[in-house]
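# Coordinate inspection notes
Spelled out from the first residue to the last, the chains are:
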Amino acid sequence: MFELLRQASPWLRRQRGPLLLGFSLQVAIVGVELNIPLLWRRAIDGAIGRSLGVGAILGLGALVVALGGMRAALDYYVRMKVVGASRDFERDLRGSLFRKMLALPSSFFGASTVGDLVSRMTQDVEAVRMALGPGVMYVGRAVLNITAAATALLLFDPTLALWIAVPLVVLGAAALVLAPRLGRASDAVQTGIGRISARATESFGGIRVLKLFAREDLQARRMEALGLDYYAAQMRLAKARGGMLGLLALGKDAAQFVILLVCGLHIVDGRASFGDFVAYRSWLMQCFWPLVMFGWIISMVQRASAGMRRIDAILATPVAIAPPARAVTPAAEDGRPIDLEWRDVVLEMGGRRVLDRVSLRVPAGTSLGITGRTGAGKSLLAQLLPRLLDPTAGTVLVGGVDARAWDLDELRRRVGFVAQEPFLFSDSLRENLRFARPGADDAAIRAALRRADLERDLDALPAALDTRVGERGVTLSGGQRQRATVARTLLADPPVVVLDDCLSAVDAQTEARILEELEQALSGRTAVVVSHRIAALRGLDRIAVLDEGRLIELGTHDELVAARGAYAKLDRDQRLLAELEAL
């Protein structure tokens, strides 16, 4: 609990007003609860000894009811303050966690599963909120209740209080011994939830692949195995909780036996009354209730601690692409083309050098094609421009300024990037394109679609621009998704456009037609086109050829063909393949 409170200390400082008020009101609640047994004691002894009339006894009963109503009202207000504050914490923590995830590099998500991250955003955050809201509230109430009730017992009958303390102390020690087991069980349950979420997300996202390979039964068996593991973890948690609750029940019965025995002997001796017995038992229950809650609180705190560790693992992950402390204002104006340069760029990933001292320059308003064999480093070179990656050594200049010195948002507004893997949100086609330029009218959207050779497909869609494309654009074909992402970037109207092999899902003829259509759209912009197809690069100003991360050739299409090097071989092989396909 203390570690959890330490981790949440910034929030606790911000919410100290509501929390202090809630704690103060809990003192009043405990004071009310402490006096109710005294009223019952007076009424019972007065009735047995006939020292009180019916009216007085009814008056004491009415006072008990009034105090009970006051306690309920105060308890409601405490819950509103403390639990409301914990909801504020939940909102802030979830927002911070989501913002941190958005700032993390793509490699982080490649090493994580979506289901596990969703579990941390939901289940783990909720577990922490429960501990810092109801948990903190009940801990405060438990401490006050035990202190007040134990003090009352000591003042009225010290001998009885000491005898009652024996089973309660033994009970508390046993609960502390069981707490680690409860914590391990809570960790296993949280991990199981994450694995089930990850498997379900993966299965639903790849449902077409599962059906194509008839692997539904295999995936169902895997989910069943995870379900059995989760069931076993839940059963271990239930056993740990059951053991805790069993001990608490045993302690309560033992303490009640002590009261019955000791207080009964005192009644026989005339040192106590029946009213005393009722009051003592009420105060015992005030001590016992916190002990019952203690088991629940331990379980809650253990679960929250496990969740907080999983959340901290993300919050502590360093941001690989961090914005500069002081962004440099570039000289380039909006809408004007920007020159690009890779200067002695080295990139190492996984202990391997994937780009080796690459130097290239793209003058403003010109175009560069990048090609090479699979794994040559083409896409990695392009991803350095909008800082999806940072070079290990060397410099990437955008508009004559080191990309790392640009304001990150401004850099990515200037460098329009269309990735290999197209992604569309589960929304209408119109809103997917407006993601790049909110408020764009239909005329601008259709113009962007026309340049991406997708406007002609609108009539085939059920609701044209209002067609919902499904999660990840599943209702569109692969080529349509790619063209939609190209249109989205063109709608943003950036001065630099990078096409990272983004038309691989269309045939060579369609790609050539789209690039021909794009020629006008790219006019006046700086363009970088990554493609393994030579046909897509012929009309560009210059073409760079990479091999194993090194720049091996650079020139125009005609120059590279005449050089009879790697580019010429690629061109010859692709022409021959096209001729064979045409037969």
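As a starting point, this report considers the structure included with it.

Attention shifts here to the overall build of the protein. What the protein contains, in helices and strands, is 18 helices and 10 strands. In the protein, which comprises 583 residues, the share counted as buried stands at 45%. Contacts spanning at least 24 positions in sequence make up 76% of the contacts within the protein whose residues lie at least 6 apart.

This part takes up helix α9 (residues 216-269). Between its first and last C-alpha, α9 extends 77 Å over 54 residues, near the 80 Å set by a 1.5 Å rise per residue. Immediately beyond the C-terminal end of α9, within one or two residues, lies G270, with a positive phi of roughly 85°.

On to the pairing of strand β1 (residues 340-349), then. Two strands pair when backbone bridges link them, and β1 and strand β2 (residues 352-362) are joined in this way by 7 bridges, in the antiparallel orientation. What sits directly across from W342, in β2, is L360. Hairpin remark: β1 followed by β2, antiparallel, with 2 residues in the connecting loop; positive phi at G350, about 60°. Alignment of β1 against strand β4 (residues 393-398), held across 5 bridges, turns out to be antiparallel. Within β4, the position partnered with L340 by the bridge is V398.

Let us now look at the sheet that holds β1. The 4 strands are arranged β2-β1-β4-β5 in an open sheet whose pairing can be described as antiparallel. Of all strands in the sheet, those with a lone pairing partner are β2 and β5 (401-402), marking the two edges.

For the structure shown, the criterion picks out 26 salt bridges. A salt bridge links D75 to R79, with the shortest nitrogen-to-oxygen separation between them at 3.1 Å. Here R79 and D75 lie together in helix α4 (residues 54-103), a separation of 4 residues that amounts to about one turn. The exposure class of D75 is buried, given its relative accessible area of 18%. Here R373 and D547 are joined by a salt bridge, their closest N and O atoms 2.8 Å apart.

Comment: phi is negative for the bulk of residues other than glycine, and the bulk of peptide bonds are trans. For D344, which is not glycine, the phi dihedral falls at a positive 50°. Relative to the elements of secondary structure, D344 occurs in strand β1. Look at E548: it is not a glycine, yet its phi comes out positive at around 50°. Within the secondary structure layout, E548 lies in the loop between β9 (542-547) and β10 (550-555).

With that settled, the discussion passes to the packing of aromatic side chains. Two descriptors summarise a pair of aromatic rings, namely the distance from one centre to the other and the angle between the planes of the rings. Taken as a whole and judged by the stated rule, the model has 2 aromatic pairs. Centroid distance Y280 to W283: 6.2 Å. Interplanar angle 35°. Geometry classified as tilted. Remark: W283 and Y280 occur in helix α10 (residues 274-315); sequence separation between them is 3 residues, near one turn of the helix. As far as burial versus exposure is concerned, Y280 and W283 are alike and both buried. Three or more aromatic residues joined by ring pairs make a cluster, and in this case those are F156, Y280 and W283.

Moving on: the side chain of R525. When you line up the elements, R525 lands in the loop between α16 (508-522) and β8 (526-530). Here the side chain of R525 touches D493 through a polar contact of 2.7 Å, side chain to side chain. Setting aside chain neighbours within four positions, we find R525 in contact with P337, G365, T366, D493, P494, P495 and V497.

The next subject is the packing of helix α14 (residues 442-451) against helix α15 (residues 478-492). Packing of α14 against α15 brings their axes to within 8 Å, and their N-to-C directions diverge by 130°. Here α14 is positioned oblique relative to α15, judged by the angle of their axes. Classified by chirality, the crossing of α15 by α14 is right-handed. Facing A444, I445, A448, L449 and R451 of α14, the residues of α15 in contact are A487, L490 and L491. Split into classes, the residues belonging to the contact of α14 with α15 amount to 7 nonpolar, no polar and 1 charged.

Taken together, R181, R184, R236 and K239 make up a surface patch of like positive charges. Residue assignment for the positive patch shows that the elements contributing at least two residues are α7 (158-205) and α9. Of note, R236 is situated in helix α9. R236 gets classed as partly exposed once you look at its relative accessible area, which sits at 44%.

On to α14, then. For α14, the full list of buried residues reads A444, I445, A448 and L449. Take α14 and look down its axis: the buried residues cluster within an arc of 140°, on one side only. Summarising the contacts, the buried residues of α14 are in contact with α13 (429-434) and α15. D453 sits one or two positions beyond α14 and adopts a positive phi of about 60°.

The subject of this paragraph is the nonpolar core. Counting residues in hydrophobic clusters, the biggest one holds 38 residues, and the most contacted among them are L429, L449, L499 and L518. At the level of elements, α13, α14, α15, β7 (496-500), α16, β8 and β9 are the ones that each hand at least two residues to this core. Among the nonpolar cores identified, the runner-up in size contains 34 residues, and L385, L389, V398 and F417 belong to it.

All right, on to the environment of A103 then. Among the secondary structure elements, A103 is positioned in helix α4. Linking A103 and A320, residues 217 residues apart in sequence, is a C-alpha distance of 8.5 Å.

Turning to the sheet that holds β8, a few remarks are in order. Taken together, the 6 strands give an open sheet; going across it, the order is β6-β7-β8-β3-β9-β10, and neighbouring strands pair in mixed fashion. Looking along the sheet, the strands with just one partner apiece sit at the ends: β6 (415-418) and β10. Neighbour to neighbour, the strand axes of the sheet diverge by 15° on average, direction disregarded. For β6 and β7, the ladder comprises 4 bridges, and the chain directions are parallel. Considered in β7, the bridge of G416 is made with V497.

As for its placement among the helices and strands, A327 is situated in the loop between α10 and β1. When the C-alpha atoms of A327 and A405 are compared, they prove to be 5.4 Å apart, with 78 residues separating the residues in sequence. Setting aside residues no more than four positions away along its own chain, A327 makes contact with A405, W406 and D407.

Turning to the pairing of β4, a few remarks are in order. In terms of strand pairing, β4 meets β5 through 2 bridges, oriented antiparallel. For V398, the partnering residue across the bridge sits in β5 and is V401.

Definitions and limits used
Residues numbered from 1 in each chain as written. Predicted model: local features only at pLDDT ≥ 70, side-chain atom pairs only at ≥ 80, totals over all residues. Heavy atoms only, no water. Helix = DSSP H or I, 4+ residues; strand = E, 2+ residues; numbered from the N terminus. Buried < 20%, exposed > 50% of the residue type's maximum accessible area, 1.4 Å probe, protein only. Contact = heavy atoms within 4.5 Å. Expected span 1.5 Å × (residues − 1). Pairing = 2+ DSSP bridges. Salt bridge = Lys/Arg side-chain N within 4 Å of Asp/Glu carboxyl O. Phe/Tyr/Trp six-rings, centres within 6.5 Å; stacked < 30°, edge-to-face > 60°. Polar contact = N/O pair within 3.5 Å; in protein donor to acceptor, adjacent residues only side chain to side chain. Axes fitted to C-alpha atoms, helices over the stretch in contact; angles between N-to-C directions. Parallel < 35°, antiparallel > 145°, perpendicular 65-115°, else oblique. Left-handed = near helix turned anticlockwise from the far one by under 90°. Nonpolar A, V, L, I, M, F, W, Y, C, P; charged D, E, K, R; others polar. Patch = residues over 30% accessible without salt bridge, like charges linked within 9 Å, V, L, I, M, F, W, Y side chains within 5 Å. Areas by Shrake-Rupley, 256 points an atom, 1.4 Å probe, with all protein chains shown as cover. Lys, Arg positive; Asp, Glu negative; His and termini not counted. Charge placed at Lys NZ, Arg CZ, Asp CG, Glu CD. Arc of directions from axis to C-beta. Core = buried A, V, L, I, M, F, W, Y, C linked by side-chain atoms within 4.5 Å.

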